[in-house]
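Residue-level structure breakdown
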Number of protein chains: 2
Amino acid sequence: TRAFHPGITDDSFIFRQLLDYKSYTYTYLLADSTTNEAILIDPVIETVERDYRIIQELGLKLIAAVNTHVHADHVTGSGEMKRRVPSCKSMIAEVSKAKADLKLKAKDSIKFGQFELEVRSTPGHTNGCLSYVWHEKGMVFTGDALLIRGCGRTDFQEGSAAVLYDSVHTQIFSLPQHFKVFPAHDYTGQTMSTVGEEIKFNPRLRRSKSEFTDIMNNLKLPYPKQIDKALPANMVCGIYDDISTASSV
Amino acid sequence: TRAFHPGITDDSFIFRQLLDYKSYTYTYLLADSTTNEAILIDPVIETVERDYRIIQELGLKLIAAVNTHVHADHVTGSGEMKRRVPSCKSMIAEVSKAKADLKLKAKDSIKFGQFELEVRSTPGHTNGCLSYVWHEKGMVFTGDALLIRGCGRTDFQEGSAAVLYDSVHTQIFSLPQHFKVFPAHDYTGQTMSTVGEEIKFNPRLRRSKSEFTDIMNNLKLPYPKQIDKALPANMVCGIYDDISTASSV
Ligand SMILES: [Fe+2]
Ligand SMILES: [Fe+2]
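Keep in mind that this is a model prediction, so the values were computed, not measured.

Take the sheet that holds strand β8 (residues 115-121) of chain A next. By definition, the strands of a sheet pair up through backbone hydrogen bonds, in either a parallel or an antiparallel sense. Residues and elements named next belong to chain A. Judged by pairing direction, the sheet is mixed, and its 6 strands sit side by side in the order β7-β8-β9-β10-β11-β12 without closing on themselves. Where the open sheet ends on each side, the last strands, each with one partner, are β7 (109-112) and β12 (193-194). Here strand β11 (residues 180-183) pairs with β12 via 2 bridges, running antiparallel. By the bridge assignment for β12, lysine 180 is matched with threonine 194.

Printed below as a string of structure tokens:
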């Protein structure tokens, strides 16, 4: 049999990228293989059952359901996951004004086992958009701020092209170029990129700020189909029971 | 700013999992970051343009388009990729009788830069099904032999449940349990598994051989929609020009 070099593979952590085929959303499961503490970034309500099964099978203790922002295209699975895992805390940006167990702001850190993510504020798609940086493993979870060769739209919620440009350039493009970029969505079947690639090849964000705002202000995108259902649900963590209350606020 | 531990991230190679939303197929791009030599496992004809763009942007030299088997659900992108990258060699199992630049058999190795994949014969879904093991990085590309919590069907082409059972148990489940499993398809939005997980949780393959063959012989699956178009095309590497000839054989 062959030579096998166990030193090269890093088995200190578990990383799973999960996909919702309906909304093209990526959910990320991160865990410490030693303590089994795990967090789930951007769970989707329709795939909670699948994600819960994986968490159980891997023997993980889910401590947090972390949202990058108030999504307009799908309902978060945070609430449904909390029903199944009572120890799981929902998290989202404080400035989003959404309901959650823990409200995050820039420079906070989210700890799971021996690891931690740094919280960075990356508004522009929405005011409360956060990105999460896993410095030790060279990964950044960018939500809708930076997509692979694209970015989130800036024409609804509290969108602002100028603000998004500054967010991406100061908070994401300033990371080491080899950092892996994991967005909340991709519509082309790509699963990751790197900071260096997006600096060089992102057709919108590699340009000047004024060119970028021109592009963003002329996209003429249709009104998002799910938004009237998704926004009120996401303001209360995706728990359907609370939606009637939330919508009437 | 934060502590950053560059030693922990393995930047010796590039790994990209790519997805075709229509056929739920995964294509894998593997490359040596030093020599830039790259191979593409199971390219899909509809996504060749995207994959070619990524290869160009990353500055890679594609040396091979490697197929795990003659797919029945989509047309391979090998031929279209060869048109764009003349140095790229198409590869498939010799016993598949499909046209290709290089015919593979068990124990061959596919080299790219400093790396190599071991070719393993894993028939049962088709006679020519191969799995590719990247020992150094702890990965196995299983085609349709082993799927995440599932396996390829065994009721058409040269399918045999008993043969598939032996293939998976002797060639894949014998690998170290932490080896990552990357299949040719997933219909549930999961992107990877491990050998250990599939041994424990695969609802079909964790069972005895007779239970497995019972399950597989009672699936009553519909005839694959794309098969009459896909098979003749894949027998000639996906080059449409040759299909009329191939179909009349
Ligand atoms: Fe969004
Ligand atoms: Fe197949």
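Quick look at the packing of aromatic side chains now. Residue and element names in this part refer to chain A. Per the stated rule, a full pass over the model turns up 31 aromatic pairs over all chains. Ring geometry for phenylalanine 13 against tryptophan 134: centres 5.1 Å apart, planes inclined by 75 degrees, an arrangement best described as edge-to-face. Within this pair, whereas phenylalanine 13 is found in strand β1 (residues 13-20), its partner tryptophan 134 is found in strand β9 (residues 130-134), the two being separated by 121 residues in sequence. Tryptophan 134 shares its class with phenylalanine 13; the two are buried. With a centroid separation of 5.4 Å and 45 degrees between ring planes, the pair formed by tyrosine 165 and phenylalanine 212 is classed as tilted. Placement of the pair is tyrosine 165 in helix α3 (residues 161-172) and phenylalanine 212 in helix α5 (residues 209-217), with a sequence separation of 47 residues. Across the pair, exposure class does not vary: tyrosine 165 and phenylalanine 212 are buried alike.

With that out of the way, let us pick up the pairing of strand β9 (residues 130-134) of chain B. Residues and elements named next belong to chain B. Burial of β9 is extensive: 5 of the 5 residues sit out of reach of the surface. Of the two faces of β9, the one lined by Leu130, Tyr132 and Trp134 and the one lined by Ser131 and Val133 are each fully buried. Strand direction decides the pairing type here: strand β8 (residues 115-121) and β9, joined by 4 bridges, are antiparallel. By the bridge assignment for β9, glutamate 118 is matched with valine 133. Strand direction decides the pairing type here: β9 and strand β10 (residues 139-143), joined by 3 bridges, are antiparallel. What sits directly across from tryptophan 134, in β10, is methionine 139.

Another aspect to go through is the coordination of the iron ion (ligand 2). Residues and elements named next belong to chain B. Looking at the iron ion (ligand 2), one finds its protein donor set to be His69 (NE2), His125 (NE2) and Asp144 (OD), positioned 2.1 to 2.4 Å from the metal centre. Going along the chain, you hit the donors of the iron ion (ligand 2) in the pattern H-x55-H-x18-D. In this pair, histidine 69 is assigned in the loop between β4 (61-66) and α2 (78-84) and histidine 125 in the loop between β8 and β9, connecting sequence segments 56 residues apart. Accessibility expressed as a relative area gives 2% for histidine 69, which makes it buried. Judged by relative accessible area, which is 4%, histidine 125 ranks as buried.

Coordination of the iron ion (ligand 1) by the protein is provided by His69 of chain A (NE2), His125 of chain A (NE2) and Asp144 of chain A (OD), with metal-donor distances spanning 2.1 to 2.4 Å. Donor residues for the iron ion (ligand 1) sit on one chain with the sequence pattern H-x55-H-x18-D.

What follows deals with the pairing of strand β4 (residues 61-66) of chain A. All names here are of chain A. In the sheet, strand β3 (residues 37-41) pairs with β4 via 5 bridges, with the strands oriented parallel. Bridging from a neighbouring strand, alanine 38 pairs with leucine 62 of β4. Of the pairings in the sheet, the one linking β4 to strand β5 (residues 89-93) comprises 3 bridges and is parallel in character. Across the sheet, alanine 65 pairs through a bridge with serine 90, a residue of β5. Following the chain from β4 across helix α2 (residues 78-84) to the adjacent parallel β5, one finds a crossover that is right-handed.

Cut-offs applied
- Residues numbered from 1 in each chain as written.
- Chains lettered and ligands numbered in written order.
- Predicted model: local features only at pLDDT ≥ 70, side-chain atom pairs only at ≥ 80, totals over all residues.
- Heavy atoms only, no water.
- Pairing = 2+ DSSP bridges.
- Helix = DSSP H or I, 4+ residues; strand = E, 2+ residues; numbered from the N terminus.
- Phe/Tyr/Trp six-rings, centres within 6.5 Å; stacked < 30°, edge-to-face > 60°.
- Buried < 20%, exposed > 50% of the residue type's maximum accessible area, 1.4 Å probe, protein only.
- Donors = N, O, S within 2.8 Å, 3.2 Å for Na, K, Ca; no water.
- Right-handed = clockwise from strand over helix to strand, strands pointing away.

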